[in-house]
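What the coordinates show
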Amino acid sequence: MARDVAPPRTDALMRSFFASPDLRALMTRVSRVFPLVVFGAVALYEMFAFAFLRHISDTLNLILDLVVFGILGPIVIWFTLRWITAQVEEYDRARAEKAAAEAERQRAIEAAREQERLLAAVSANSADAIITLDNAGIIKAWNRGAEMIFDYKPEQVVGKHFEILLLPEQIARGEIEWLNQQIRERGFVRNYQTTRVAKDGRRVIVDLTRTALQNEHGEFVGYSAIMRDITKRVETERELQKLNLDLETMVAERTYQLASATEELRRRNRELEEANVKLTELDHLKSDFVSMVSHELRAPLTNINGSLELLLENDGAFRDKSSREMLQIVREQSARLTRLVQGILNVSRIEAGQLVLQPQAFDALALIERVINAWEARGAMNPLDHPRAVNLPSVWADRDRTEEILFNLIDNAIKYSPDGAPIHLDARASGEFVIVSVSDRGIGIPEEQVAKIFEKFHRVDRRDSMEKYGHGLGLFICRRLIEAQGGQIWVESVLGEGSTFRFTLPLAGRVEAEAPARSTVGGRR
Ligand code: ADP
C-alpha cells in the first residue's frame, strides 16, 4: 500500500541534515554500522549458504544470488533510505513547530512590552494622579497628573513618605493605618473620598483608589494610588445641596406664610362677612329710618309750602318789603327741603325696589315743551330752547318719571351755568331709541369726574361746583330711572365750556307689545 509521503525537499532536507547534530551523529553511526552489517551478511552468506548451495545446484545458487543481491539488497537499501528520510522530515517538522512557537512567544513578549509602554504612557500623561508607593509608604513614582493636581515635581516628592499629602488631623485620626488595614484585608480601597493637601496648602478633594502591587513571585512590593481631583464636583454638589436646602427652607417659609396669610384672609373674610351682615342690617335700619323721617317731613312741608303760597298770594298780608322778601326766602328754602326729602324718598324706594314705573307711549318733544313752559313760568333766568315741528316717533316710558328726569337735568344745567347762558334741549330718533339731550354752556365737568357723577351723593369736588346748593342725588336717581326703562344716560363735557347730558328711551313700537304695564326700579347698587 502506497503511503502519502511528501516528495523530499532535497535542499531543505540537506540543510536540515547538516544543521542537525543528532542526525549527523545518527548518520555517522549508520555509515559505520551499515557497511559492517552488509559485509557480515555477505560474508555469512558466502561462507555457509554459498558453499552449501554450490554443491546442490549452480542454478539455485544463481537464483539465490539474484534474490539476495538483486532483490533483498535494494529492498534493504530502499527501507534504510526511507527511514532516514522520515527521520529527517520528522526533525524538520519538529524544528518548524519549535520555530513557530518561538515566533509566537516573541510576538507575545513584544505585545506585552507594547502594552506596558502604552500603560506607562497613559499613566504618565493621565489627568488623574497615579503614584506608586513601596510597602513603607515611600513615594516611588509620580506622574504628570499628580504634578498638576498637587503642584509637586517628581524630584520634590519621590523618596518621601506620602503623608506629606495628608492633613495633620488626618494623620492624627489614623487615616494611614486605616488605609493599610483595608489593603491588608481586601487588597484594595476603591472610590474613597478624602482630602489631600497640595504644595501651596490648598485642599484637594480626591476620589482615591489604592491597590496592593505584587511581583511575579506573588510578593507584596507596594501600592498604587490613583487620585482623581473631584474638588469642583464636590463643591458644586455642596453648593447645589445648600441651594436646595435654602430653597426648601424658603418654600417652607413661604408655605407657612401663605398658610398664615390664607388663615388671616379667611379670618378677615369672616369678619367682613359679619360686618357686611351688620352693615346690611344697619343699611336697612337707616333706609327705614330715612324713609320714615322723609315721610314724616313731607306732610308738614306740604302744609308749610301751601301756607306760604297762600301768604304770598295774599296781597294784604306782610305788606312791607322786608317781610315779603323774608317770606320769599322761607319759600325757597322750604322748596329745597322738599326736593331733598323727595330725593331721599325716591332713593329709598329705588333701593327697596318699591318705586313703581307706569310706562306708556308718549311724544317726548311734547313733554320737553311742557317742562320748558313750566320752567319759563317759574321765571328761569336762562333761555331754554328746543326744536319744533320735528316728526318724532313715540317713546315707551313712565311719563311722570321722564318729566322728573328732564326737570332734574334742566335744574342742573341752570344751576351750573352763568345767569342768562342758553340751555338747549333736543330729541331725535336713533335706531330703536329716542335720544334726549340737555346742553348747557356752564362750568363743565372735569374728565376724571365724568363717570362718578352718576353715583349716589357724588358731587364734583371743585369750588365753583360746591358753591351751588345740591346733595348729589339727582343724577343717581335719573340713571336708575332711565336704566329701569331700558335706556342709558351719559354726559359729554368740556371743563369751562359746558356739558351735554344725553339719555335714551325705547321707541314705543319696539317694547309696547312685550313690556308689562307696570314695573319697578329695584335693588341696591
Ligand atoms: P346735585 O344736587 O349736587 O346737583 P346731581 O346728582 O344732580 O346732584 O349732580 C351731581 C354733581 O354733578 C353735581 O354736584 C355737579 O358737581 C355735577 N353736575 C351735574 N350737572 C352738571 C352740569 N350741567 N354742569 C356741571 N356740573 C354738573
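Further up the page is the structure itself.
1. So, the pattern of salt bridges
Applying the stated criterion across every chain yields a total of 27 salt bridges. With a closest N to O distance of 3.0 Å, Arg 268 and Glu 264 form a salt bridge. Of the two residues, Arg 268 and Glu 264 are both situated in helix α8 (residues 231-313); the distance of four residues between them amounts to about one turn of the helix. A relative accessible area of 46% places Arg 268 in the partly exposed class. Residue Glu 403 pairs with Arg 370 through a salt bridge whose shortest N-O separation is 2.7 Å. Of this pair, Glu 403 sits in helix α11 (residues 399-415) while Arg 370 sits in helix α10 (residues 364-377), and the two are 33 residues apart along the sequence. A relative accessible area of 22% means that Glu 403 is categorised as partly exposed.

2. Quick word on the sheet that holds strand β10 (residues 423-430)
Overall, mixed pairing links the five strands, which are arranged β8-β10-β11-β13-β12 in an open sheet. With partners counted over all chains shown, the strands left at the sheet margins are β8 (384-385) and β12 (489-494), one partner each. One ladder, built from seven bridges, connects strand β11 (residues 433-439) with strand β13 (residues 498-506); its direction is antiparallel. From the neighbouring strand, Ser 439 faces β13, where its bridge partner is Thr 500. α11 contacts β8, β10, β11, β12 and β13 of the sheet and is inclined by roughly 175° relative to β13.

3. As for the packing of α11 against helix α13 (residues 474-484)
Packed helix pairs are specified by the crossing angle of their axes together with the interaxial distance, meaning the distance between the axes. Contact geometry of α11 with α13 gives a least axis separation of 10 Å together with a crossing angle of 145°. Pair α11 / α13 crosses with left-handed handedness. Contacts between α11 and α13 pair Arg 401, Glu 404, Ile 405, Asn 408, Leu 409 and Asn 412 from the former with Gly 474, Leu 475, Cys 478, Leu 481 and Ile 482 from the latter. Class assignment for the residues of the contact of α11 with α13 results in six nonpolar, three polar and two charged.

4. Looking at the packing of α8 against helix α9 (residues 321-351)
For the pair α8 and α9, interaxial distance at closest approach is 8 Å and the crossing angle is 150°. Judged by the inter-axis angle, α8 sits roughly antiparallel to α9. The handedness of the crossing between α8 and α9 comes out as left-handed. Tallied by class, the residues present in the contact of α8 with α9 amount to 14 nonpolar, 10 polar and six charged.

5. Details of the sheet that holds strand β3 (residues 188-197)
Backbone hydrogen bonds hold the strands of a sheet together, and the pairing may be parallel or antiparallel. On the basis of which strands lie adjacent, the open sheet formed by five strands has the order β2-β1-β5-β4-β3 and antiparallel pairing. Of all strands in the sheet, those with a lone pairing partner are β2 (139-142) and β3, marking the two edges. Here the strands of the sheet are splayed against their neighbours by 25° on average, with no regard to which way each runs. Against the sheet, helix α7 (residues 175-186) contacts β3, β4 (203-214) and β5 (220-229), and its axis sits at roughly 165° relative to β3.

6. Concerning the nonpolar core
By size, the foremost hydrophobic cluster in this structure holds 46 residues, and its most contacted members are Leu 406, Leu 425 and Phe 503. A per-element tally of this core places α10 first, with seven residues. Setting aside chain neighbours within four positions, we find Leu 406 in contact with Leu 367, Ile 368, Val 371, Leu 425, Val 436, Val 438 and Phe 503.

7. Considering the pairing of β11
When you tally the buried positions in β11, you get five out of seven residues, the bulk of the element. Note that β10 and β11 share seven bridges and pair antiparallel. Among the inter-strand pairings, Leu 425 is bridged to a residue of β11, identified as Val 438. Once β10 ends, the chain turns through two residues before running back antiparallel as β11, passing Gly 431 with a positive phi of about 60°.

8. Some details on a nonpolar patch on the surface
On the surface, Ile 63, Val 67, Ile 71, Leu 72, Ile 75, Trp 78 and Phe 79 cluster together into a nonpolar patch covering about 660 Å² of accessible area. Within the element layout of this structure, Phe 79 appears in helix α3 (residues 58-125).

9. Side note on the environment of Arg 203
Relative to the helices and strands, Arg 203 is located in strand β4. Residues Arg 203 and Arg 105, spaced 98 residues apart in sequence, show a C-alpha to C-alpha distance of 49 Å. In this structure Arg 203 touches Leu 167, Glu 169, Thr 195, Arg 196 and Thr 231, once residues within four positions along its chain are discounted.

10. Thoughts on the site of the ligand
In the vicinity of the ligand there are 21 residues, among which Asn 412, Asp 440, Arg 459, Ser 465 and Leu 475 approach most closely. Here Leu 475 contributes a backbone N or O atom positioned 2.8 Å from an oxygen atom of the ligand. Coverage of the ligand by the protein chains reaches 98% of its 530 Å² of free accessible surface. Looking at the shell around the ligand, the elements that each hand over two or more residues are α11, α13 and β13. Sorting elements by how many residues they give to the shell around the ligand places α11 first, with three residues. For the shell around the ligand, the residue count by class is nine nonpolar, nine polar and three charged.

Conventions we followed
- Residues numbered from 1 in each chain as written.
- Predicted model: local features only at pLDDT ≥ 70, side-chain atom pairs only at ≥ 80, totals over all residues.
- Heavy atoms only, no water.
- Salt bridge = Lys/Arg side-chain N within 4 Å of Asp/Glu carboxyl O.
- Helix = DSSP H or I, 4+ residues; strand = E, 2+ residues; numbered from the N terminus.
- Buried < 20%, exposed > 50% of the residue type's maximum accessible area, 1.4 Å probe, protein only.
- Pairing = 2+ DSSP bridges.
- Contact = heavy atoms within 4.5 Å.
- Axes fitted to C-alpha atoms, helices over the stretch in contact; angles between N-to-C directions.
- Left-handed = near helix turned anticlockwise from the far one by under 90°.
- Nonpolar A, V, L, I, M, F, W, Y, C, P; charged D, E, K, R; others polar.
- Parallel < 35°, antiparallel > 145°, perpendicular 65-115°, else oblique.
- Core = buried A, V, L, I, M, F, W, Y, C linked by side-chain atoms within 4.5 Å.
- Patch = residues over 30% accessible without salt bridge, like charges linked within 9 Å, V, L, I, M, F, W, Y side chains within 5 Å.
- Areas by Shrake-Rupley, 256 points an atom, 1.4 Å probe, with all protein chains shown as cover.
- Near = heavy atom within 4 Å.
- Polar contact = N/O pair within 3.5 Å; in protein donor to acceptor, adjacent residues only side chain to side chain.

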